[in-house]
Amino acid sequence: EQGKNNFRFHSPEMNTHPIERVNLETALRRALDRGELTLFFQPRVGIRENRVTGVECLVRWMHPTQGILNPPEFVPIAEDAGLFGAIGDWVMHAACAQLKTWQQQGLANLRIGVNLSMRQFGQDNLIERMREAVHDAGIDPKQLEIEITESVLMRHSERAEKLLAQVKDMGAHVVVDDFGRGYSLLGLLGRLPI
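Computed from a prediction, not measured in an experiment: that's the story for all the values here.

**With respect to the overall build of the protein**
Of regular secondary structure, the protein possesses 8 helices and 6 strands. Listed by position from the N terminus, the elements making up the protein come as α-β-β-β-α-α-β-α-α-β-α-α-β-α. Summed over all atoms, the accessible surface of the protein reaches about 11,800 Å², with 51% contributed by carbon and sulfur.

**Some words on the pattern of salt bridges**
Scanning the entire structure with this criterion turns up 7 salt bridges. With its nearest N and O atoms 2.6 Å apart, the salt bridge here joins Arg44 to Glu145. Here Arg44, found in strand β1 (residues 37–46), pairs with Glu145, found in strand β5 (residues 144–149); they are 101 residues apart in sequence, far enough to count as distant. Residue class for Arg44 comes out partly exposed when judged on its relative accessible area of 27%. Here the residues in one salt-bridge network are Arg44, Arg111, Glu145 and Glu147, joined through shared partners.

**Overview of empty space enclosed by the protein**
One pass over the full model with this rule turns up 1 cavity of 30 Å³ or more. Here the largest cavity defines a volume of roughly 40 Å³. What lines the largest cavity is Gly88, Asp89, Met92, Gln120, Gln123, Leu126, Arg129 and Met130. Of all the secondary-structure elements, those providing two or more residues to the lining of the largest cavity are α3 (84–104) and α5 (126–137). Looking at the lining of the largest cavity residue by residue, the class counts come to 3 nonpolar, 3 polar and 2 charged.

**Quick notes on the layout of surface pockets**
Considered as a void within the structure, the largest pocket measures approximately 620 Å³ in volume. Along its surface, the largest pocket is lined by 27 residues, and Pro71, Val75, Asn115, Leu116 and Ser117 are the ones closest to its centre. Counting only elements with at least two residues in the lining of the largest pocket, the list comes to β2 (51–63), α2 (71–80), α3, β4 (111–115), α4 (118–121), β5 and α6 (150–155). Considered class by class, the residues forming the lining of the largest pocket number 13 nonpolar, 6 polar and 8 charged.

**A look at the nonpolar core**
The biggest cluster of nonpolar side chains holds 51 residues, and the ones touching the most others in it are Leu28, Trp61, Met130, Leu144 and Ile148. By residue number, the principal contributor to this core is α3, which donates 8 residues. Contacts of Ile148, omitting those with residues within four sequence positions, involve Leu116, Phe121, Leu153, Leu164, Val174, Val175, Val176 and Asp177.

Procedures and definitions
Residues numbered from 1 in each chain as written. Predicted model: local features only at pLDDT ≥ 70, side-chain atom pairs only at ≥ 80, totals over all residues. Heavy atoms only, no water. Helix = DSSP H or I, 4+ residues; strand = E, 2+ residues; numbered from the N terminus. Areas by Shrake-Rupley, 256 points an atom, 1.4 Å probe, with all protein chains shown as cover. Salt bridge = Lys/Arg side-chain N within 4 Å of Asp/Glu carboxyl O. Buried < 20%, exposed > 50% of the residue type's maximum accessible area, 1.4 Å probe, protein only. 1 Å grid on protein atoms, 1.4 Å probe; cavity = no way out; pocket = protein on both sides within 12 Å on 5 of 7 lines; lining within 4 Å. Points joined across faces, edges and corners; volume = space filled by probe spheres on them. Nonpolar A, V, L, I, M, F, W, Y, C, P; charged D, E, K, R; others polar. Core = buried A, V, L, I, M, F, W, Y, C linked by side-chain atoms within 4.5 Å. Contact = heavy atoms within 4.5 Å.

This is the structure:
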């Protein structure tokens, strides 16, 4: 962490970070089974419509001792530990199920946005998992928005064209999140179904 060309004397405090990380990873492995993950929803208001037109899902971990943990506090650990596939599946299913609940309560014209991590984007069966979540919830795929960061698109530009075409074919929408932070090639963006 301190970079190259220097030295450090070992101290007991140096063990704190790795031990905390291992403890967090162990707790995260149990979080799904214990129902500790939850979704928060950020509304999107259409200016023309002057109403809520959709929501973005934000996953949070309700840690039993540390309280609410935001994604930067646990997603990197989940990805390193190979857990984000299961978490991503849970988020997709929970989001679609929540949308169905809202539809049954009379909120019929909403879209729900679900963020994809870089690891999820690389999964071979991503489209099948998305279709399964939509089918299980009984919602129209047109009401699902997949949010992909600009950096993921740039790192996987070849895969992006093919995969996003499949997302569009199933009827879901694609949104580029955090646009303008990287160095997107506008030509690539023009070819993508976003």
